[in-house]
Amino acid sequence: MPEMPEVQGLVEFLRGRIVGLQIVKASVAQIAALKTFDPQITALHGASVVSVDRAGKFVDIGCRGPADEPLHLVFHLAKAGWLRWYDAVPTTPVKPGRSPIAIRVSQSDGSGFDLTEAGTKKSLAVYVVRDPADVPGIARLGPDPLDPTFTVETLAGLLECRRTQIKGVLRDQSIIAGIGNAYSDEVLHVARMSPYALAASLTADDVQGLYDAMHATLQDAVATASGKPPADLKDAKRRGMRVHGRRGEACPVCGDTVRSVFFADNSLEYCATCQTGGKVLADRRLSRLLK
């Protein structure tokens with residue numbers, strides 16, 4: 001699943017290539033991916049791209065329509081979505097249901113991109129709106145952890161009185177925007193913190209350590225993603241992971257075996273030596289440590 005660093009990498013890539021161009025055509029191949037109907041997606045035809053920004057894990061392409069009206073093409077790649085870039089968009093029309101392509105956008109210089117989604121569970125979401133705040137997922141976002149106004153005091157306020165596990169807090173987009181399953185594992189490993197620790201139980205030192213780990217992990221990942229084309233971002237993410245997706249491998253810090261806890265549709269990875277005092281985490285339904 002693309003998270004903040006990869007989405008930021010996509011934003012920077014698109015910003016350098018499509019700002020100043022016009023959208024010639026936006027074609028829908030998977031109608032379920034398009035979540036809005038007013039304005040229609042055809043309103044983008046002839047619109048000039050003026051900005052590309054990120055809100056949490058959403059990409060926001062800001063445009064000016066032919067009548068100078070503000071329009072935004074916003075998308076969330078969900079679990080299995082991605083962006084495929086073309087220096088020259090294929091001339092073959094996209095056929096509904098025949099490929100993983102959901103949306104194809106063609107630019108005035110002949111370039112463009114597809115929004116694709118693998119697998120059978122379709123969660124990719126595309127919106128055409130006049131204001132990004134009209135997208136429900138953006139309207140409910142919490143603060144961005146890399147925003148200069150996000151301080152350790154901000155984090156402490158968000159964690160206070162939350163009797164929920166810190167792993168879930170980090171993944172909750174309405175609390176902190178942009179961190180998902182992968183980077184929450186990475187942040188907690190750097191912070192040497194159990195994913196099952198209760199947010200409200202953290203000491204001031206714990207919160208400071210978590211804040212520092214969050215900043216270091218996300219800033220390093222954003223720096224790694226910066227300047228890479230979309231085709232290279234996924235591999236760069238995988239190579240940079242310390243524990244996430246590395247079950248059975250050696251922890252890069254202590255050498256212990258990286259372990260997993262499995263959920264219905266994902267898992268968390270952690271190092272028992274670094275994060276839980278050597279104790280192996282119990283099944284998620286028990287939400288406690290094995291003795």
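The rules behind these values
- Residues numbered from 1 in each chain as written.
- Predicted model: local features only at pLDDT ≥ 70, side-chain atom pairs only at ≥ 80, totals over all residues.
- Heavy atoms only, no water.
- Helix = DSSP H or I, 4+ residues; strand = E, 2+ residues; numbered from the N terminus.
- Buried < 20%, exposed > 50% of the residue type's maximum accessible area, 1.4 Å probe, protein only.
- Pairing = 2+ DSSP bridges.
- Axes fitted to C-alpha atoms, helices over the stretch in contact; angles between N-to-C directions.
- Contact = heavy atoms within 4.5 Å.
- pLDDT = per-residue confidence, 0-100.
- Core = buried A, V, L, I, M, F, W, Y, C linked by side-chain atoms within 4.5 Å.
- Phe/Tyr/Trp six-rings, centres within 6.5 Å; stacked < 30°, edge-to-face > 60°.
- Left-handed = near helix turned anticlockwise from the far one by under 90°.
- Nonpolar A, V, L, I, M, F, W, Y, C, P; charged D, E, K, R; others polar.
- Arc of directions from axis to C-beta.

**Examining unusual backbone geometry**
Thinking step 1. Asp 38 connects to Pro 39 through a cis peptide bond whose omega is 5°.
Thinking step 2. With respect to the secondary-structure elements, Pro 39 resides in the loop between strand E1 (23–28) and strand E2 (48–55).
Thinking step 3. The residue Cys 161 is not glycine, and still its phi comes out positive at about 70°.
Thinking step 4. The topology assignment puts Cys 161 in the loop between helix H3 (152–159) and helix H4 (166–171).
Thinking step 5. With relative accessibility at 64%, the residue Cys 161 sits in the exposed group.
Thinking step 6. Despite not being glycine, Arg 192 has its phi angle at roughly 60°, a positive value.
Thinking step 7. Residue position: Arg 192 is located in the loop between helix H5 (181–191) and helix H6 (204–225).

**Focus on the sheet that holds strand E4 (residues 70–76)**
Thinking step 1. A sheet is described by the order of its strands in space; here four strands give the open sequence E2-E3-E4-E8, paired in antiparallel fashion. With partners counted over all chains shown, the strands left at the sheet margins are E2 and strand E8 (125–129), one partner each. Neighbour-to-neighbour, the strand axes of this sheet turn through a mean angle of 15°, independent of strand direction.
Thinking step 2. Sheet contacts for helix H1 (residues 4–18): E2, strand E3 (58–64) and E4; angle to E2, the most-contacted strand, approximately 165°.

**A word on the confidence of the model for the chain**
Thinking step 1. Taken over all residues, the pLDDT of the chain has a mean of 93, while the share at 70 or more is 97%.
Thinking step 2. Low pLDDT, under 50, characterises residues 285–291; the stretch is placed with 14 contacts to residues that sit more than four places away or in other chains.

**Focus on the nonpolar core**
Thinking step 1. Membership of the largest hydrophobic core comes to 35 residues, with the highest contact counts inside it found for Leu 14, Leu 44, Ile 61, Phe 75, Phe 113 and Leu 115.
Thinking step 2. Considering every element that reaches this core, the biggest residue donor is H1, with six residues.
Thinking step 3. In this structure Leu 44 touches Ile 23, Ala 26, Cys 63, Leu 71, Leu 73 and Val 128, once residues within four positions along its chain are discounted.
Thinking step 4. Listed in part, the 29 residues of the second largest apolar core include Ile 176, Ala 191, Met 193 and Leu 202.

**Focus on the packing of aromatic side chains**
Thinking step 1. All told, the structure shown has three aromatic pairs when counted by the stated rule.
Thinking step 2. Seen in terms of ring centroids, Phe 13 and Trp 85 are 5.3 Å apart; in terms of plane orientation they differ by 85°. Their pairing is edge-to-face. Linking Phe 13 in helix H1 with Trp 85 in strand E5 (residues 81–86), this pair joins segments that are 72 residues apart in sequence.
Thinking step 3. Overall, Phe 13 belongs to the buried group, its relative accessible area being 7%.
Thinking step 4. Judged by its relative accessible area of 18%, Trp 85 falls in the buried class.
Thinking step 5. Between the aromatic rings of Phe 150 and Tyr 211, the centroid separation amounts to 6.4 Å while the plane-to-plane angle is 0°, which identifies the pairing as stacked.

**Description of the pairing of E5**
Thinking step 1. Within E5, five of the six residues are buried, which leaves the element mostly enclosed by the surrounding structure.
Thinking step 2. Bridging between E5 and strand E7 (residues 112–117) involves six bridges; their strand directions are antiparallel. The partner of Gly 81 across the bridge, within E7, is Glu 117.

**Focus: the packing of H1 against H6**
Two quantities define a packed helix pair, namely the angle between the axes and the distance from one axis to the other.
Thinking step 1. Contact geometry of H1 with H6 gives a least axis separation of 8 Å together with a crossing angle of 35°. The interaxial crossing formed by H1 with H6 has right-handed handedness. Residues Met 4, Pro 5, Gln 8 and Gly 9 of H1 form the contact with H6, whose own contacting residues are Leu 218, Ala 221, Val 222 and Ala 225.
Thinking step 2. Its residues assigned to classes, the contact of H1 with H6 shows six nonpolar, two polar and no charged.

**Some remarks on helix H7 (residues 230–240)**
Thinking step 1. Where H7 is concerned, the buried positions are Pro 230, Leu 233, Ala 236 and Lys 237. Buried positions in H7, seen along its axis, are confined to an arc of 100° and lie on one side of it. Exposed side of H7, more than 90 degrees from the buried face: Ala 231, Arg 238 and Arg 239 are the residues found there.
Thinking step 2. Of the surrounding elements, those touching the buried residues of H7 are H1, E5, H5 and H6.

**With respect to the sheet that holds E1**
Thinking step 1. One open sheet accounts for four strands, arranged E1-E6-E7-E5; its pairing is antiparallel. If you trace the sheet from one side to the other, it starts and ends with E1 and E5, each paired once. For this sheet, the mean inter-axis angle between neighbouring strands, taken without regard to orientation, is 15°.
Thinking step 2. Both strand E6 (residues 101–107) and E7 contribute to a ladder of five bridges, which runs antiparallel. Counterpart to Val 105 in the pairing with E7 is Phe 113.

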